[in-house]
Amino acid sequence: MSTNEHDRALVDRRLFLKLSGAAGAGVAAGEILGRWPLAGAAAGSGVRVVAVACNHNCGGRCHLKAHIQDGVITRITTDDSPDTAGRPQLRACLKGRALRSRLRNPARLRYPMKRVGQRGEGKFQRISWDQATEFIAAKLKRVVEQHGPSSVYIQYATGDCGAISGHAAAQRLMNLMGGYLARYNSYSSACLSYVAPFVTGYRDTNSYQTLAHSKLIILNGFNPAETIFETNSNYYLARAREAGARVVVIDPRLTETAATFADEWLPLRPTTDAALFVAMAHVLITEKLCNREFLDKYTIGFDEAHMPAGVPAGNSFESYVLGRSDGVEKTPEWAAEITGIEAHAIRNLARAYGTLHPAQLLQGLGPQRHAHGEESVRAGIALACMTGNLGVLGGGWGGGEGGRRLEIPIGGLPTGTNPVKTRIPVFLWTDAIVRGTEMTAGDGVENGPLASNIKFIFNLGSNTLVNQHADVNRTVRILRDEGLVECIVVSDHFLTPSARFADILLPADNSLERADIGVPWSGERYIVFGNKVVEPPFECKHDYWWLSRVAERLGIGEAFTQGKTEEQWLEQIVGDARQRDPGFPSYEELRERGFYRQDPEEYVAFEKEIRDPAGHPFPTPSGKVEIFSRTLYQRNRADIPGVPHYLAAWEGPQDELSRRYPLQCIGPHYKRRTHSTWDEDAWMEEADPQQMWISPRDAAARGIANGDRVKAFNDRGALLTRARVTRRIRPGVVAIPQGAWYTPGKDGVCRRGCVNVLTSQQATPLAHGNAQHTILVEVKKV
Amino acid sequence: MAAAPAQIGFFVDATRCINCKTCEIACKDFNDAPVGRRIRKVRSFEGGEFPAVFAYNLSMSCNHCEQPACVEGCPAGAYSKRAADGIVVHDPEKCIGCRYCTWLCPYGAPQYDAREGRVRKCNLCAGEATPVCVAACPMRAIEVGPLAEIAARPGSTIALRDLPSPQLTGPSIRYRVRKEARA
Amino acid sequence: MREWPLILFTLATQLACGLTLGATVFETKARPSDAVLMRPLAMAIFPVVAIGILLSMAHLGRPLMAWRALVNLGQSRLSLEVILTAVFALLALAYSGFWWMGRTEGRLALGAATGVAGIAAVVAGAALYTVPTQPAWNSGWVPASFLGTAVLLGGLAPAVLISWRENTGLLRIFLGASVAGSLLLLIAALWMMANLSRRAYDPFTAARLAGLLQLLTSRNSLWLGCYVVLVSVLPAAVAVRLWPEERVEITPFTGALLAAVVLGTAIGRAMMYWLGTGYEPF
């Protein structure tokens, strides 16, 4: 069956246009924005080509250029330096290429606005910048006086990842006002970043160039073809494959990565990755494929002979796997029941992993964004150690972007030090509104207790307030209560679902309308520079600008700006970088060239710990990789075991709830968006409309045909979306790409398909992280 | 129509194509194409039975055919095939928007723009040193070159399960595909 | 239906062609004093084709550049169709003019010439669709359908729009023509479905056509059924009803019957366009 019907617009185009419709009225549909003459451009000049940046929360940070003719951007191009195997170009993705489309979206916010009506109604009236900054300053002052600085929360924000983001500027401001409630973790990698240090001491991953040396590459919930992890990660993966590597993908979906690169697809049930790995460990042990020398030398806790002193017998990983402690042997048959992968496939993969050397296991951030996500991370590292695949070229374990030590040493806007030491896990901010002062270390509070509940929120370049946080219906109920949070300040480009909940809504400038530096995730050593190429339209302003005005009104203007404009801060940042790295270009050179890049290298994570364990012990209590962690063991909790376990997920396939809600639902990233950025863009919607993947079996059982409008629901909420009936997803699982904007009808049902109306605010036990892929739903045709 | 002596064609390595649609959007940006006009388009296909499922993607714009149906059929003479390199050029100034070419092309290359009242088509970025899609593809999966050389590459084919017969118009494109995609 | 201008244009050309042939036949067979019965319909020939041509310009993205459609006359079937339709229209202008002015001298020859021009225009119109890259259309059923429409409408319109008085033989010729036209349309419909089932195509095309046939006989079966009933059953009923009559009055009812049959032909034409353009080429 040819399914190019998928490409026929599943777009409900009228609905889409309505949803992305104008906040600013009176703009004709075809009116082009983004064509304000560049300040100072000579009339009738020829084409100028200027480096610009795309600074959203994407793993790539690509080199882009705007072609400008008579003050108008006529096209966007990408890196055109020589494209060599040793130094491939930093080519932009479909989103970066659509910067003009985004720039000219007529729904752009235009003026500062103040809420009228109830919070969340999305009704605003225009005010002046003076009125806005006066209001914010007065309110902020009063809230800090009344509740203390830790009542102020600066929302997790990645819409603008530039060096001088609004988010950073707000931190700087608050640090001059006594501080703000701090947070730790991220929505991306909470379990991974929290738990990896318990195992290896710090988090790190190989660079993608090392893939060329791998004989086997296992991609576990890792989908660089759709979630750009590095500008060139897919290119390196293709080269590795062409060099003969065998690629196995473990994922409930046949993702683009799987379709293009996988020799084998293991379509496991979501939340069961740890079971798969534990069963693979069983095969490695029973078929004597473990690298015992490696385990003995570099790890503790694998077998009884290598446990720390004072721990009762039976607590090693081997004992768990062989069922010595709980009577359940973790055989492939045991795992087959749980994961839905055939036992022989599990066996074969384990054998391959045990014999093909070197091999890399790359875990994406999907498997850890689940209930008990900590365990799949720990189990993955354990497997890598069992096969001697850590710290060797071509071998290795990696979690997502892995926090490699490859950054160019460049800072951002200096934010100062936060006098408030109290930190909450980022996922629990809604709890901190409702019961902040009652939260304890058990909730993950560090240096608590909180002196106050959250009373004031800065949500600058962020859609976390409503759209990206879990359980939207619960969140909006909390936010609507003006007795809880007293003031919400939002800045953005569009009237996002979060922006609708603002008390003060401010129009921000776009990355083409200001200068800024872009720093990628950590895959290669480079940074990009984005020039300002058009004037911000209407009254759009940089967050730093209005925060400076607020600071002035609060009497800390001089301290906040130090007399510097944003550009001067950028010059300082570049100057500091040059101090640390003499090869770093001057500000002028950087602006002109648009990027600074060092040659990619074959970076091997944990190389020195493996090469010279005495001289470079792992920074763990034992100095070794802690497959068994005494620290975790001593918490004495069944859901925080000393060694990696498979723990059945709440709301997982083994939960009672699956009788009522029989389908597991995941919310993968979507290539036409960066989280929720780009949902408003018509080109992106045409390229890949919002739709739900469902297997033919599940669709047929519900009378659903391809393209049908369907409702997905559970006890927390409901959404409407279109069905894409495809073989490429495991029966029993549906996938609704995350980031679609929450667009409730009068009945509260989201018309656009925001998966977070279905997700839960229950956090994971150790990392207090978001388990946003652990959802059970039912789907029906409407 | 006599074949151009040095017919230019596309080579697309679909085994590398990750369906990222960067080529589509880069093309749109260069051509100022509005929604509804996809001058280059990536189409996805799937097959097999779960769990032995496969999928692949075919990126295509205009195939600058050796016997182009559009050149023959256009009443307004808006299409011509260049003698030197065989590129089929559409001149929007001559187009009257009758859309006959959209019926004639087996590949859907001509894209009608209701706003402008005429058709646009891939002109192989005539005037650019490198076609935009070639320069844009993050996988380096698209190439442009002499068709004779491209067709001679091992594994290159145009006989695909999901394409109409190449006998119709002689498309100047070859793909490298997985075996399931072959006709 | 997006292609409504072309649906109306092709029907108009075919109706005008049919009326021309009908008027010419009428002229050969009727008593000269009865020729005036045909006058209104014959006068209508030119306006019908002229309106059709104007409507077809609504199909263009840039109607003011319509003259450019003649540029590629040596190569393009569409250019040829445009010129032949223009020739037909010019001749029809004269022919309708003759009827309007009551000029009988040379009218028969003019009618024959106009009829030939009309057939040429209709056939050229069909030739637009019988191209290899449109396998659903690349078959004799399209010209059969176009000619059948001309014959059906050219037979039925005079049969029900003329107040017949003792011209039974002529009436029966028209009724017979309308039935013949219906038969030709039924044959065309069967031929169309046979074409969709052909195995000789490459697998991609065969699968595509089989899919269309499946849709035609399931989701769109109601339309297909309507079409068949309107273009065959109704004219047959009319023929049966009127066959023995010597006097036939024009009534709103008979006008409505004609309208229903025309609607039927429009439905059929719409389905034809859907077969070729209602989906992505690949």
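Residues numbered from 1 in each chain as written. Chains lettered and ligands numbered in written order. Predicted model: local features only at pLDDT ≥ 70, side-chain atom pairs only at ≥ 80, totals over all residues.

A. Seen up close, the overall build of chain C. Scanning chain C from terminus to terminus reveals nine helices and two strands. For a compact globule of 282 residues, the expected C-alpha radius of gyration is about 19 Å, and chain C comes in at 19 Å, within 12% of that figure. With the principal axes as the frame, chain C shows a C-alpha extent of 60 × 45 × 30 Å. Counting the 282 residues in chain C, one finds 47% classified as buried. Long-range contacts, defined as pairs at least 24 residues apart, comprise 79% of the intrachain contacts of chain C with a sequence gap of at least 6. (Helix = DSSP H or I, 4+ residues; strand = E, 2+ residues; numbered from the N terminus. Rg over C-alpha atoms; globule rule 2.2 N^0.38 Å. Buried ≥ 20, exposed ≤ 12 C-beta atoms within 10 Å, placed from the backbone. Contact = placed C-beta atoms within 7 Å.)

B. Spotlight on the overall build of chain B. Scanning chain B from terminus to terminus reveals five helices and nine strands. The order of α-helices and β-strands along chain B, N terminus first, is β-α-β-β-α-β-β-α-β-β-α-β-α-β. Its C-alpha atoms give chain B a radius of gyration of 16 Å, within 12% of the compact-globule value 16 Å for 183 residues. Principal axes of the C-alpha set define a box for chain B whose edges measure 50 × 35 × 30 Å.

C. Examining the pairing of strand E13 (residues 396–399) of chain A more closely. All names here are of chain A. Burial along E13 is two-sided: Gly396 and Gly398 facing one way and Trp397 and Gly399 facing the other are all buried. Two elements, strand E12 (residues 359–363) and E13, share four bridges in a ladder whose sense is parallel. Bridge assignment links Leu362 to a residue of E13, and that residue is Gly398. Running through helix H13 (residues 373–386), the crossover from E12 to the neighbouring parallel element E13 is right-handed. (Pairing = 2+ DSSP bridges. Right-handed = clockwise from strand over helix to strand, strands pointing away.)

D. Spotlight on the nonpolar core. Residues Met280, Cys385 and Val734 of chain A are the most contacted members of the largest nonpolar core, which totals 386 residues. When near neighbours in sequence (up to four residues on either side) are disregarded, Cys385 of chain A contacts Phe294, Leu295, Tyr298, Thr299, Leu390, Val625 and Ile627 of chain A. (Core = buried A, V, L, I, M, F, W, Y, C linked by C-beta atoms within 7 Å.)

E. Focus on the sheet that holds strand E22 (residues 663–666) of chain A. Residues and elements named next belong to chain A. Taken together, the six strands give a closed barrel; going around it, the order is E22-E26-E23-E25-E24-E27, and neighbouring strands pair in mixed fashion. Within this sheet the neighbouring strands show an average axis-to-axis angle of 45 degrees, counted without direction. Bridging between E22 and strand E26 (residues 733–735) involves three bridges; their strand directions are parallel. Along E26, the bridge assignment pairs Gln664 with Val733. (Axes fitted to C-alpha atoms, helices over the stretch in contact; angles between N-to-C directions.)

F. Broad picture of the domain arrangement of chain C. All names here are of chain C. Here chain C is described as being made up of domain 1 (1–128) and domain 2 (132–282). Each partner contributes residues to the interface: domain 1 has 25 residues there, and domain 2 has 25 residues. Of all the secondary structure elements, the ones that give two or more residues to the side of domain 1 that touches domain 2 are helix H1 (4–29) and helix H4 (107–127). Per element, the largest residue contribution to the side of domain 1 that touches domain 2 is 14 residues, and it comes from H1. (Domains from an automatic or database assignment.)

G. Here's a closer look at the sheet that holds strand E18 (residues 516–518) of chain A. All names here are of chain A. The three strands are arranged E18-E19-E20 in an open sheet whose pairing can be described as antiparallel. Unpaired on one side and paired on the other, E18 and strand E20 (595–597) mark the two borders of the sheet. Each neighbouring strand pair of the sheet contributes to a mean axis angle of 20 degrees, computed without reference to strand direction. Alignment of E18 against strand E19 (residues 526–530), held across three bridges, turns out to be antiparallel. Residue pairing in the sheet places Gly518 in a bridge with Val528 of E19.

H. Molecular detail of the interface of chain B and chain C. Counting residues at the interface gives 29 residues for chain B and 29 residues for chain C. Grouping the constituent residues of the side of chain B that touches chain C by class yields 17 nonpolar, seven polar and five charged. (Nonpolar A, V, L, I, M, F, W, Y, C, P; charged D, E, K, R; others polar.)

I. Broad picture of helix H6 (residues 233–242) of chain A. All names here are of chain A. Counting buried positions along H6 gives eight out of ten residues, so the element sits mostly inside the fold. Turning to H6, its buried residues are Ser233, Asn234, Tyr235, Tyr236, Leu237, Ala238, Ala240 and Arg241. Against the buried residues of H6 lie strand E8 (216–220), strand E9 (246–250) and helix H7 (256–261). Phi turns positive one or two residues past the end of H6, at Gly244, with a value near 110 degrees.

J. Seen up close, the packing of helix H3 (residues 77–101) of chain C against H4 of chain C. All names here are of chain C. Relative to each other, H3 and H4 sit at 155 degrees, their axes nearing to 8 Å. On the basis of their axis angle, the class for H3 and H4 is roughly antiparallel. Two packed elements cross with a definite hand, and for H3 against H4 that hand is left-handed. Residues Arg77, Leu80, Glu81, Leu84, Thr85, Val87, Phe88, Leu91, Ala92, Ala94, Tyr95 and Phe98 of H3 form the contact with H4, whose own contacting residues are Arg107, Leu110, Gly111, Ala113, Thr114, Ala117, Gly118, Ala120, Ala121, Ala124, Gly125 and Ala127. Class assignment for the residues of the contact of H3 with H4 results in 16 nonpolar, five polar and three charged. (Parallel < 35°, antiparallel > 145°, perpendicular 65-115°, else oblique. Left-handed = near helix turned anticlockwise from the far one by under 90°.)

K. Highlighting the packing of helix H5 (residues 141–161) of chain C against helix H6 (residues 168–196) of chain C. Residues and elements named next belong to chain C. It is the contact of H5 with H6, at a shortest axis distance of 7 Å, that shows an interaxial angle of 155 degrees. By the criterion of interaxial angle, the relationship of H5 to H6 is roughly antiparallel. Our pair here, H5 against H6, has a crossing hand that is left-handed.

L. Fine view of the pairing of E19 of chain A. Residues and elements named next belong to chain A. Judged by how many residues are buried, E19 sits mostly within the fold: five of five residues are covered. Here E19 shows two buried faces, one formed by Tyr526, Val528 and Gly530 and the other by Ile527 and Phe529. Bridge count between E19 and E20: three bridges; the pairing is antiparallel. Directly across from Tyr526, in E20, lies its bridge partner Arg597.

M. Up close: the confidence of the model for chain C. Mean pLDDT over chain C: 93, with 99% of residues reaching 70 or higher. What the predictor reports for the complex is a pTM of 0.92 with an ipTM of 0.95. (pLDDT = per-residue confidence, 0-100.)

N. Region of the structure containing H3 of chain C. With 25 residues, H3 of chain C ought to run about 36 Å at 1.5 Å a step, and its terminal C-alpha atoms sit 36 Å apart, in line with that. Directly beyond the C-terminal end of H3 of chain C, a positive phi value near 75 degrees is found at Gly102 of chain C. (Expected span 1.5 Å × (residues − 1).)

O. Up close: unusual backbone geometry. Along the chain, His357 of chain A connects to Pro358 of chain A via a cis peptide bond; the corresponding omega equals 0 degrees. Relative to the assigned elements, Pro358 of chain A resides in the loop between helix H12 (343–355) and E12. In this structure, Pro51 of chain B follows Phe50 of chain B across a cis peptide bond, with omega equal to 0 degrees. Inspection of the secondary structure puts Pro51 of chain B in the loop between strand E2 (41–49) and strand E3 (52–60). Of note, Thr271 of chain A is a non-glycine position whose phi angle comes to about 80 degrees, a positive value.

P. View of the environment of Leu184 of chain C. Residues and elements named next belong to chain C. Relative to the elements of secondary structure, Leu184 occurs in helix H6. For the pair Leu184 and Ser145, spaced 39 residues apart in the sequence, the C-alpha separation amounts to 6.9 Å. In contact with Leu184, not counting residues within four places along its chain, are Ala144, Leu147, Gly148 and Val151.

Q. Examining the environment of Gly179 of chain A more closely. Residues and elements named next belong to chain A. Secondary-structure assignment places Gly179 in the loop between helix H4 (166–175) and strand E7 (182–184). As a C-alpha pair, Gly179 and Ser150 span 29 residues in sequence and 6.7 Å in three-dimensional space. Not counting residues up to four positions away in its chain, the partners in contact with Gly179 are Pro149, Ser150, Met174, Asn418, Pro419 and Val420.

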